[in-house]
Amino acid sequence: MPITTKAIVFSSIKYGDTSLIVKAYTKDEGLKSYMLKGVLASKKGKLKTAYFQPLTQLEIVANHKVNSNLHSIKEAKVYYHYQTLHTQISKNALTLFLAEILGNSIHEEENNPALFNFLEAALQWLDTHSNVANFHICFLLVLTKYLGFYPDDTNFDGEYFDLLEGQFVNEQSLNPMVKGNVIKFLKDLLGMNFDEMLTIKMNKKSRQELLNALVLYFELHLQGFRKPKSLAILQEVFS
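Everything in this summary refers to the structure shown in the same document. (Residues numbered from 1 in each chain as written. Predicted model: local features only at pLDDT ≥ 70, side-chain atom pairs only at ≥ 80, totals over all residues. Heavy atoms only, no water.)

### Quick notes on the overall build of the chain
Heads up, the rule is: Secondary structure counts use DSSP, requiring at least four H or I residues in a row for a helix and at least two E residues in a row for a strand, with both numbered from the N terminus. Each radius of gyration is computed over the set of C-alpha atoms, and the globule rule expresses the reference value as 2.2 Å times the number of residues to the power 0.38. Whether two residues touch is decided by their heavy atoms; if any such pair falls within 4.5 Å, the residues are in contact. Using a 1.4 Å probe, the Shrake-Rupley method yields the accessible areas, and only the shown protein chains count as cover for residues. Residues counted as positive are Lys and Arg, residues counted as negative are Asp and Glu, and His and the chain ends are not counted. All charge positions are set by atom: Lys at NZ, Arg at CZ, Asp at CG, Glu at CD.
When its secondary structure is counted, the chain shows seven helices and eight strands. Since a compact globule built from 239 residues should have a radius of gyration of about 18 Å, the 19 Å found for the chain is in line with a globular shape. Structurally, the chain occupies a C-alpha span of about 60 × 35 × 30 Å along its principal axes. Residue pairs at least 24 apart in sequence account for 58% of intrachain contacts in the chain once pairs closer than 6 positions are excluded. Only carbon and sulfur atoms are counted for the fraction: they give 49% of the accessible area of the chain, which is about 12100 Å². Averaging the coordinates of the 25 positive side-chain charges in the chain and doing the same for the 24 negative ones gives two points 12 Å apart.

This is the structure:
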């Protein structure tokens, strides 16, 4: 029985000469992988290759097979058309980075409408705003709420943030720490939404340090998480 659901594309990989394997996060059934046979060769089919760029927001009609890792899409249409995400260099770099982060972080084949709604709204915010230099840092912080390791702010006045323990502390240990000027920005951004984030003025050195710390935070708290290959490109663009 086909299911109609919203979906956000995480990745698409060429399979053979004419097919794609697409990983997408669906609103109704969580993460799914789809085999799109012949989509690269077909010019008249209902599925267009352009629909499967990273983070495209689709409505799909799909067949989800029981006890199978690969499913199929019968129909797809873009339900939110990005104006800038895939055309502006800085936003395109952000898009590739966030898609890689999400693909490395989210593995559940079960629905989580709150997470889906956050991703949908965050990407639409990114598409419609121009001041986005801190967006990815704010995005990663909010994402940790849904993944279960949001920073514990019980000891918010602590001078350091222990990345392994996920909490603010008063003394350094051998664990990796956020400290110095960067701890102030981490504290400022905690609990902020994207509009409030616009008030934070961070220089490129602090931004890179905080981003590297957050990527390490993900590595420490998510089994199998790999540092995104696109991180270096992103830092080049925002330097």
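Next comes the rest of the write-up.
### A look at the packing of helix α3 (residues 135-147) against helix α6 (residues 204-221)
For the record, the criterion: Note on geometry: axes are C-alpha line fits, over the in-contact stretch for helices, and angles between N-to-C directions span 0 to 180 degrees. Orientation is classified from the angle alone, with under 35 degrees giving roughly parallel, over 145 giving roughly antiparallel, 65 to 115 giving roughly perpendicular, and any other angle giving oblique. Here a crossing is called left-handed whenever its near helix is offset anticlockwise from the far helix by less than a right angle, and right-handed whenever the offset is clockwise. Basically, the charged four are Asp, Glu, Lys and Arg, the nonpolar ten are Ala, Val, Leu, Ile, Met, Phe, Trp, Tyr, Cys and Pro, and anything else, Gly included, counts as polar.
One can describe the packing of α3 onto α6 by two numbers: an axis separation of 10 Å at closest approach and a directional angle of 20°. One finds that α3 runs roughly parallel with respect to α6. Both α3 and α6 take part in a crossing whose hand is left-handed. For the pair formed by α3 and α6, the contact residues are H136, I137, L140, L141, L143, T144 and L147 on the first element and R207, L210, L211, L214, Y217 and F218 on the second. Considered class by class, the residues forming the contact of α3 with α6 number ten nonpolar, two polar and one charged.

### Let's talk about the environment of F135
Turning to its location among the elements, F135 is positioned in helix α3. For F135 and D152, which are 17 residues apart along the polypeptide, the C-alpha to C-alpha distance reads 21 Å. Residues in contact with F135, not counting those within four places in the same chain, are L98, A122, W125, L126, F194 and M197.

### With respect to the packing of aromatic side chains
Note the threshold: Two rings from Phe, Tyr or Trp (for Trp, the six-membered ring) form a pair when their centres sit within 6.5 Å of each other. Planes less than 30 degrees apart are called stacked, planes more than 60 degrees apart edge-to-face, and all others tilted. The buried label goes to any residue with under 20% of its type's maximum accessible area, the exposed label to any with over 50%, and the partly exposed label to all in between, with areas taken from a 1.4 Å probe on protein chains only. For a ring to carry a charge above it, either NZ of a lysine or CZ of an arginine must fall within 6 Å of the ring centroid while also lying within 35 degrees of the normal to the ring plane.
In the structure shown here, the tally under the stated rule is 17 aromatic pairs. Between F118 and F194, the aromatic rings sit 6.4 Å apart at their centres with planes inclined by 15°, giving stacked as the arrangement. Taken as a pair, F118 in helix α2 (residues 113-128) and F194 in helix α5 (residues 194-197) lie far apart in primary sequence, 76 residues in all. F194 matches F118 in its accessibility class, with the two residues each being buried. A centroid spacing of 4.6 Å and a plane angle of 25° characterise the contact between F135 and F194, whose relative ring orientation is stacked. On the criterion of sequence distance, the pair formed by F135 in helix α3 and F194 in helix α5 is long-range, its members being 59 residues apart. For the pair formed by F135 and F194, the shared burial category is buried. Members of the aromatic cluster, each reached through a chain of ring pairs, are F149, F156, F161, F168, Y217, F218 and F225. The ring of Y150 carries K145 above its face, with NZ or CZ at 5.2 Å from the centroid. We note K187 situated over the ring of F156; from NZ or CZ to the ring centre the distance is 5.5 Å.

### Things to note about the side chain of T26
Convention followed: We define a polar contact as two N or O atoms separated by no more than 3.5 Å, with the added condition that, inside protein, one atom must be a possible hydrogen donor and the other a possible acceptor, whereas residues neighbouring each other in sequence contribute only through side-chain atom pairs.
With respect to the helices and strands, T26 occurs in strand β2 (residues 19-26). Here the side chain of T26 touches E29 through a polar contact of 2.9 Å, landing on its backbone nitrogen. From its side chain, T26 meets the backbone oxygen of G30 in a polar contact 2.8 Å long. Sequence-distant contacts of T26, that is, excluding residues within four places in its chain, are made with T5, K6, A7, K32, Y34, I60 and F116.

### Quick notes on the sheet that holds β2
By definition, the strands of a sheet pair up through backbone hydrogen bonds, in either a parallel or an antiparallel sense. Here is the rule: By the convention used here, strands pair only if DSSP detects at least 2 bridges between them.
The strand order β3-β2-β1-β4-β5 describes an open sheet built from five strands, whose pairing is antiparallel. The sheet terminates laterally at β3 (30-36) and β5 (72-80), the two strands that pair on one side only. Across the sheet, the axes of successive neighbouring strands diverge by a mean angle of 40°, strand direction being ignored. As defined by bridge partners, strand β1 (residues 3-15) adjoins β2 across eight bridges and the pair is classed as antiparallel. Bridged to A7 within β2 is T26. Docked against the sheet, α2 engages β1, β2, β4 (57-63) and β5, running at close to 70° with respect to β1.

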